[in-house]
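Next come the chains, spelled out residue by residue.
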Amino acid sequence: MPRVKQNKTDSETTGNPCPITPVKAIRKKCVDCCCGALKSVAECESVACPIWPYRMGRRPTQEMVDQFLAVYQEEEEYDE
Ligand code: SF4
C-alpha cells in the first residue's frame, strides 16, 4: 500500500498550539460561505457581516477600520 504524505499543520511546524491564526480562520469561513468560490469572497457585498473586513485573510488597515466604523455608525441597520 502506498504511503500518503501528510502535510504538517502550522502547530506542528511552529509549536503554536493554535492550528491557524484567527484571520486565516475567518478567511476559511468566508471561502466556505461562498462554497469555495474565491472570486465570490472578493466580491462579497455583505458589508454588514461582522467579518467582512477580514474576508481576504488580511487585517484591514487602521484607515479602513475607521471608514467601516463611520459607515456602521451612520447606518441604523448595522446596529445590534
Ligand atoms: S464576509 Fe461575506 S463571504 Fe464572509 S462570511 Fe460574511 S457574507 Fe460570507
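The text that follows walks through the structure, step by step, so that each part is easy to find. A quick note: this is a predicted structure, and the numbers were derived from the prediction, not measured.

### Some remarks on helix H4 (residues 62–74)
Next up, step 1: Taking 1.5 Å per residue as the helical rise, H4 with its 13 residues ought to reach 18 Å, and the 18 Å between its terminal C-alpha atoms agrees with that figure.
Next up, step 2: The buried fraction of H4 amounts to 0 of the 13 residues, a small share that puts the element mostly on the outside.

### Some remarks on helix H2 (residues 22–33)
Along an α-helix, residues three or four apart share an orientation, since each turn contains 3.6 residues.
Next up, step 1: In this model H2 runs 16 Å from its N-terminal to its C-terminal C-alpha over 12 residues, within 8% of the 16 Å that 1.5 Å per residue would give.
Next up, step 2: Within H2, the full set of buried residues consists of Ile26, Arg27 and Cys30. All buried residues of H2 project into a common sector of 100° when viewed along the axis, lining one side. Facing away from the buried surface of H2 by more than 90 degrees, the exposed residues are Pro22, Lys28 and Asp32.
Next up, step 3: Close packing links the buried residues of H2 with helix H3 (38–42).
Next up, step 4: Looking at the residues trailing H2, positive phi occurs at Cys35, about 55°.

### Notes on the site of the ligand
Next up, step 1: Lys29, Cys30, Cys33, Cys34, Val41, Cys44, Ser46, Cys49, Ile51, Trp52 and Arg55 make up every residue found near the ligand.
Next up, step 2: In terms of residue class, the shell around the ligand is built from 8 nonpolar, 1 polar and 2 charged.

Criteria and thresholds
Residues numbered from 1 in each chain as written. Predicted model: local features only at pLDDT ≥ 70, side-chain atom pairs only at ≥ 80, totals over all residues. Helix = DSSP H or I, 4+ residues; strand = E, 2+ residues; numbered from the N terminus. Expected span 1.5 Å × (residues − 1). Buried ≥ 20, exposed ≤ 12 C-beta atoms within 10 Å, placed from the backbone. Arc of directions from axis to C-beta. Contact = placed C-beta atoms within 7 Å. Near = placed C-beta within 6 Å. Nonpolar A, V, L, I, M, F, W, Y, C, P; charged D, E, K, R; others polar.

Read these as spatial facts, not as claims about activity.
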